[in-house]
Amino acid sequence: MDIPTAFRWVLLALAVLQLVSLAPVLRRLRRAEPEQRLAARIDAFESLSGMLLLGGLGLDNLTLGVIGLVLMSLALLLRGVRLLASRRRA
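Now for a description of the structure that goes with this document. Because the structure is a prediction, the values reported are computed rather than measured.

This next bit is on unusual backbone geometry. Residue aspartate 60 is not a glycine yet carries a positive backbone phi of 55°. When you line up the elements, aspartate 60 lands in the loop between α3 (34-58) and α4 (62-89).

The next point concerns the packing of helix α1 (residues 5-20) against helix α2 (residues 22-29). It is the contact of α1 with α2, at a shortest axis distance of 4 Å, that shows an interaxial angle of 20°. Between α1 and α2, the angle falls in the class roughly parallel. Of the residues in α2, those touching α1 at Gln18, Leu19 and Val20 are Leu22, Ala23 and Pro24. A breakdown of the residues in the contact of α1 with α2 according to their chemical character gives five nonpolar, one polar and no charged.

Turning our eyes to something else, we now look at the side chain of serine 47. In this structure, serine 47 sits in helix α3. Given the relative accessible area of 9%, serine 47 is considered buried. For serine 47, the contacting residues outside a window of four places in its chain are Gln18, Ser21 and Leu22.

This paragraph deals with the side chain of arginine 8. Assignment of secondary structure puts arginine 8 in helix α1. Here arginine 8 is in contact with Asp2, Ile3, Gly58, Leu59 and Asp60, once residues within four sequence places are set aside.

Right, let's talk about α3 for a bit. Helix length check: α3 (25 residues) gives 36 Å between terminal C-alpha atoms against 36 Å at 1.5 Å per residue, within 8%. Regarding α3, the residues found buried are Ala40, Ile42, Ala44, Ser47, Ser49, Gly50, Leu53, Leu54, Gly55, Gly56 and Gly58. Lining the buried residues of α3 we find α1, α2 and α4. Phi turns positive, to about 55°, at aspartate 60, one or two residues after α3.

Rules behind the numbers
- Residues numbered from 1 in each chain as written.
- Predicted model: local features only at pLDDT ≥ 70, side-chain atom pairs only at ≥ 80, totals over all residues.
- Heavy atoms only, no water.
- Helix = DSSP H or I, 4+ residues; strand = E, 2+ residues; numbered from the N terminus.
- Axes fitted to C-alpha atoms, helices over the stretch in contact; angles between N-to-C directions.
- Parallel < 35°, antiparallel > 145°, perpendicular 65-115°, else oblique.
- Contact = heavy atoms within 4.5 Å.
- Nonpolar A, V, L, I, M, F, W, Y, C, P; charged D, E, K, R; others polar.
- Buried < 20%, exposed > 50% of the residue type's maximum accessible area, 1.4 Å probe, protein only.
- Expected span 1.5 Å × (residues − 1).

Coordinates in, geometry out; function isn't part of it.
The following block contains the structure:
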């Protein structure tokens, strides 16, 4: 499937926005509380994987897009496991 050129630019712009949105997450990584640092690490992992996915689609690189998709699904799995663990503690 061929992605039109205009959509490629949109996808690349979204990848750049994903990179810019990483700045607040990196600030949260410096906090002293371990619980917040773990959440920030998962957010950073999800943001980087989304950037890989969008960049792979925008550059028509299927390998990069699939790697981003796999990493994003792993980040969502980590978030779900963490949610289940917090519910069991409560």
